Amino acid sequence: MNIVHYLDHSARVGPERPALYLGPDLHATYAELQHRVQALAGHLVHLGLAPGDRLAIYMKNRPAYLDSLLAAWYAGLVVVPINAKLHWCEVDFILENSGSRLLISDRSPEAPLPSSAERLDLDAPDFVPDGHPLGAPVDRAPSDAAWIFYTSGTTGRPKGATLSHGNLACMANCYLTNVDRVEAEHVLAHFAPLSHGSGIYLIPYLMRGCANLVPASAGFDESEFAELVNRHTGLAMFLAPTMIRRLVDHLRARGTNLNLDHLQAIVYGGGPMYERDLREALETFGPRLVQIYGQGESPMTISVMDRDAHSPYAASKAPSGPDSQSLVPVGRPHPQVEVSIRDGEGTPLPDGQEGEICVRGDIVMLGYWNNPEATSEALRDGWLRTGDIGRMEADGTLYLTDRVKDVIISGGTNIYPREVEEVILQHPAVHEVSVVGAPHPEWGEEVVAFVSLHRPLDPAELDQHCLAHMARFKRPKRYRILESLPKNAYGKIVKTELRQHLAQPQEESAS
Ligand code: AMP
């Protein structure tokens, strides 16, 4: 089944129900959205696009994004979402690699498009859909590709994780059974880019006939977030942990009153949630947080930490203290997903032992687009090797320690940056931290911490803090203070950039 069938279902059951808000205002009912999607799908067919062709979308979160996404699926096309913050040369690589035939974008290209691709701007004043509106979605099998998500490419070129209609339907079912209760009155707000998790989270909400909301700013703005929460009821959203941090800081600094009764859920993931930040988020938003762990290759769906599992971090509970063992877990695997912790040879490890997190099930991608080598490296004997290190306890609680590639090996011992970061963040002067390994002639690597601060601080004080709370060999040997830490288009701190930073001479403090 084509996943866009959910649109038709909801338009039949509740044609007058709100389907899309633009900021505070209603933009389309379900009947109107279906009508627009059918007309645009007809136009795409009229342009000569055939089922299985790739259609790229490079745009901020705007109503035209949803039209394009749904119309592409309606016409049986494969959507290639491109983050609106990417540079034009990165866009060019993705268009070329995916062999996209059409680029829907409201921006004029800054370089010639690859010869296979043309551009369509739905907001051009003279645009009117041509051809006959499609009466029904083009048939798709569960194994047909629907969405190619290009990984952020922190090592080498980005790879296109290819997800099928079956993968996305599995994701939607996991969401509805294990992440959050979804009622028709709920509204899914897209503050995070539609080109990532927020875009595919639209599917379970479409199934239930809920409205989507795109902010008038077309992205994430802290003041607008507060206004929209106070304006709409039943708001649910996906946010990266760094966005939650920004919201907490903003709301505290302004003393903004939020009507928390309007907030249904904040689902977060995509990067580590540190214990300190989680406690402050729960204090600000109450018991509305749900954590998910997934990756482009197993979209948004490996494990989930539900509301109840957050209660040990609530304000009333004492903090566990700056202890490097106090990692916040990433919840428990979805029942629909098999998770196994394995060693480098692929042998399963016992409970409690650290190894690579491997995943199997209907959620796992078809492979990387046009990249058989990378596919066979990632998919072995039916298992997806996530590149994440973690451990699972006997009761199924999963801990994600770090990325395989970020582990620091110093003097032959593994040091997990995440553990060190948890401790440093407990210092009240620290705003953000990221720990990386720097080459060292004697030890192989040494631990270096990049920090941004709330107030000036002597790194010797940070060293004392680390000495008091972690094994000596794990503590950073050097500190670099930055104004703010570099983030990628999805708000994740980019460790590769920090490592490059190390190559540049700069004043730093040794401990
Ligand atoms: P992406 O494919 O861009 O969504 O990135 C996926 C990666 O982000 C995963 O392999 C993890 O390393 C990281 N990640 C995702 N969810 C979480 C989480 N809840 N906690 C910590 N890291 C996460």
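The sections below set out a description of the structure shown in this document. Note that the structure is a prediction, hence the values are computed from the model and not measured.

Along its length, the chain carries 13 helices and 27 strands. For 511 residues, the compact-globule estimate of 2.2 N^0.38 gives 24 Å, and the chain sits close to it at 23 Å. Judged by the C-alpha coordinates and their principal axes, the chain covers about 70 × 50 × 45 Å. Put simply, the chain has 511 residues, and 57% of those count as buried. Counting only contacts in the chain whose residues sit at least 6 apart along the sequence, the fraction spanning at least 24 positions is 69%. Split by element, the accessible area of the chain, about 20800 Å² in all, is 50% carbon and sulfur.

Most of strand β12 (residues 263–269) is tucked away, with 7 of its 7 residues classed as buried. Pairing between strand β11 (residues 235–239) and β12: 5 bridges, direction parallel. Within the sheet, the bridge partner assigned to L235 lies in β12 and is L263. Handedness of the β11-helix α8 (residues 241–254)-β12 crossover: right-handed. Sheet topology places β12 next to strand β13 (residues 289–295); 4 bridges connect them, and they run parallel. Looking at β13, one finds that G269 is bridged to I292. Note on the crossover from β12 through helix α9 (residues 275–285) to β13: the handedness is right-handed.

Close contact between helix α1 (residues 5–13) and helix α2 (residues 30–46) brings their axes to 8 Å; oriented N to C, the two are set at 140 degrees. Comparing the axis directions of α1 and α2 gives the class oblique. Note on packing geometry: the crossing formed by α1 with α2 is left-handed. Residues L7, D8, S10 and A11 of α1 form the contact with α2, whose participating residues are Y30, L33, Q34, V37 and Q38. When grouped by side-chain class, the residues that make up the contact of α1 with α2 number 5 nonpolar, 3 polar and 1 charged.

Before going further, it helps to examine helix α4 (residues 88–98). Every buried residue of α4 is listed here: W88, V91, F93, I94, L95 and S98. Where α4 is buried, its residues touch β3 (54–58), β4 (78–82), β5 (102–105) and β7 (145–150). Where α4 ends, the next residue or the one after it, G99, has phi of about 60 degrees, a positive value.

If you check the shell around the ligand, you find 17 residues, and the closest are Q291, Q295, G296, D388 and K492. Between the ligand and G296 there is a distance of 2.8 Å, counted from an oxygen atom to a backbone nitrogen or oxygen. Within the side chain of D388, an N or O atom sits 2.7 Å from an oxygen atom of the ligand. Taken by itself the ligand offers 500 Å² of open surface, and the protein chains cover 90% of this. Within the residue set of the shell around the ligand, elements represented by two or more residues are β13 and β21 (398–403). In the shell around the ligand, the residues fall into 6 nonpolar, 8 polar and 3 charged. Mapped onto the domain boundaries, the shell around the ligand takes at least three residues apiece from domain 1 (5–309) and domain 2 (329–404).

About the thresholds
- Residues numbered from 1 in each chain as written.
- Predicted model: local features only at pLDDT ≥ 70, side-chain atom pairs only at ≥ 80, totals over all residues.
- Heavy atoms only, no water.
- Helix = DSSP H or I, 4+ residues; strand = E, 2+ residues; numbered from the N terminus.
- Rg over C-alpha atoms; globule rule 2.2 N^0.38 Å.
- Buried < 20%, exposed > 50% of the residue type's maximum accessible area, 1.4 Å probe, protein only.
- Contact = heavy atoms within 4.5 Å.
- Areas by Shrake-Rupley, 256 points an atom, 1.4 Å probe, with all protein chains shown as cover.
- Pairing = 2+ DSSP bridges.
- Right-handed = clockwise from strand over helix to strand, strands pointing away.
- Axes fitted to C-alpha atoms, helices over the stretch in contact; angles between N-to-C directions.
- Parallel < 35°, antiparallel > 145°, perpendicular 65-115°, else oblique.
- Left-handed = near helix turned anticlockwise from the far one by under 90°.
- Nonpolar A, V, L, I, M, F, W, Y, C, P; charged D, E, K, R; others polar.
- Near = heavy atom within 4 Å.
- Polar contact = N/O pair within 3.5 Å; in protein donor to acceptor, adjacent residues only side chain to side chain.
- Domains from an automatic or database assignment.

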